[in-house]
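Descriptive analysis of the structure
The chain contents come next:
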Amino acid sequence: MSHVQENRKKLVARVRRISGQMASLERAIEGDEDCGAVLQQLAAVRGAVNGLMLQVMEGHLRSHVVEAGNVKQQDELLPVLAVLKSYLK
C-alpha cells in the first residue's frame with residue numbers, strides 16, 4: 001500500500017487546513033485588510049504547504065527510495081531529510 005494511502009486521513013486534514021487558510025487569505029484581500037495581515041497569511045499558507053510537501057516527500061523517500069530493512073540506507077537518509085526540513089521551513 002502506498003504511503004499516501006496509509007496516511008490519507010492526516011494528509012486530507014492538512015489539505016483542509018490549508019484550504020481554510022486560503023479562504024482566510026481570500027477574505028483578507030477582499031476585505032481590504034492591511035498588507036501586513038495579507039503577508040502574514042501568505043507566510044502561513046506557504047509554511048503549511050511546505051509542511052505537507054515535506055510529509056509526502058519523506059514518506060516517498062522512506063517507502064520508495066530506501067530499501068525496507070536496510071539500516072545503512074535509512075541512516076544515510078537522515079541528513080537528506082534534515083536538509084529538506086531546514087529548506088522547507
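See the structure shown above.
Please read all numbers here as calculations on a predicted model, not as lab measurements.

Side note on empty space enclosed by the protein
A full pass over the atoms with the stated rule returns 1 cavity of 30 Å³ or more. Size it by volume and the largest cavity reaches roughly 40 Å³. Forming the walls of the largest cavity are His3, Val4, Asn7, Leu11, Gln55, Val56 and Gly59. For the lining of the largest cavity, the secondary structure elements donating two or more residues are helix H1 (3-6) and helix H3 (35-65). Broken down by element, the residue count for the lining of the largest cavity peaks at 3 residues, all from H3.

A look at helix H2 (residues 8-30)
Helix length check: H2 (23 residues) gives 32 Å between terminal C-alpha atoms against 33 Å at 1.5 Å per residue, within 8%. Residues Leu11, Ile18, Leu25 and Ala28 constitute the buried set of H2. Looking at the buried positions of H2, the neighbouring elements they touch are H1 and H3. Two residues or fewer past H2, Asp32 is found with a positive phi of approximately 60°.

Describing the pattern of salt bridges
All chains considered together, the criterion is met by 2 salt bridges. Put simply, Glu76 and Lys72 hold a salt bridge, and the shortest N to O gap is 3.0 Å. Remark: Lys72 and Glu76 occur in helix H4 (residues 71-87); sequence separation between them is 4 residues, near one turn of the helix. For Glu76, a relative accessible area of 43% translates into the label partly exposed.

How each quantity is defined
Residues numbered from 1 in each chain as written. Predicted model: local features only at pLDDT ≥ 70, side-chain atom pairs only at ≥ 80, totals over all residues. Heavy atoms only, no water. 1 Å grid on protein atoms, 1.4 Å probe; cavity = no way out; pocket = protein on both sides within 12 Å on 5 of 7 lines; lining within 4 Å. Points joined across faces, edges and corners; volume = space filled by probe spheres on them. Helix = DSSP H or I, 4+ residues; strand = E, 2+ residues; numbered from the N terminus. Expected span 1.5 Å × (residues − 1). Buried < 20%, exposed > 50% of the residue type's maximum accessible area, 1.4 Å probe, protein only. Contact = heavy atoms within 4.5 Å. Salt bridge = Lys/Arg side-chain N within 4 Å of Asp/Glu carboxyl O.

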